[in-house]
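Listed below are the residues making up each chain.
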Amino acid sequence: MANFKERWNIKSNWQLFVIILVFAITGSSAAYLSKPILLTFGISKDSVSAWEYYPLYILLIFPIYQVLLVAYGFIFGQFTFFWAFEKKMLKSCGLGFLLPKKENPK
């Protein structure tokens, strides 16, 4: 745990606990919310093959997870940490173009 605290610049064990809790809640929520969204589009395990359903399910989890991570981070008072984490994750996935550019002061 000390490695996480050092790498993520976390000050206390309580903050580490909250961050791990947010990751857990976000993952569970994203997986839970993906199924009803697929059903809204008429996609279910019964209507399409498993070869189509599960890739769509996993692809849908990704954007839902990104939004929920920042939202839950805000709710739990760790917005700054999760916003920085989110920007880093989007850049590493090649989606850095989605982020606003920093303006250089003159």
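In what follows, the accompanying structure is described.

What counts, and where the lines are drawn
- Residues numbered from 1 in each chain as written.
- Predicted model: local features only at pLDDT ≥ 70, side-chain atom pairs only at ≥ 80, totals over all residues.
- Heavy atoms only, no water.
- Patch = residues over 30% accessible without salt bridge, like charges linked within 9 Å, V, L, I, M, F, W, Y side chains within 5 Å.
- Areas by Shrake-Rupley, 256 points an atom, 1.4 Å probe, with all protein chains shown as cover.
- Salt bridge = Lys/Arg side-chain N within 4 Å of Asp/Glu carboxyl O.
- Helix = DSSP H or I, 4+ residues; strand = E, 2+ residues; numbered from the N terminus.
- Buried < 20%, exposed > 50% of the residue type's maximum accessible area, 1.4 Å probe, protein only.
- Axes fitted to C-alpha atoms, helices over the stretch in contact; angles between N-to-C directions.
- Parallel < 35°, antiparallel > 145°, perpendicular 65-115°, else oblique.
- Left-handed = near helix turned anticlockwise from the far one by under 90°.
- Nonpolar A, V, L, I, M, F, W, Y, C, P; charged D, E, K, R; others polar.

On the surface, a cluster of nonpolar side chains totalling about 510 Å² of accessible area is made up of F74, I75, F76, F79 and W83. For the nonpolar patch, the secondary structure elements donating two or more residues are α3 (50-75) and α4 (79-92). For F76, the location among the structural elements is in the loop between α3 and α4. In this structure F76 comes out as partly exposed when scored by relative accessible area, which is 32%.

Moving on, we come to the packing of helix α2 (residues 13-40) against α3. At a minimum axis distance of 7 Å, the contact between α2 and α3 shows a crossing angle of 135 degrees. Considering the angle they form, α2 stands oblique to α3. Crossing of α2 over α3 shows right-handed handedness. Across the contact of α2 with α3, the residue classes tally to 18 nonpolar, five polar and one charged.

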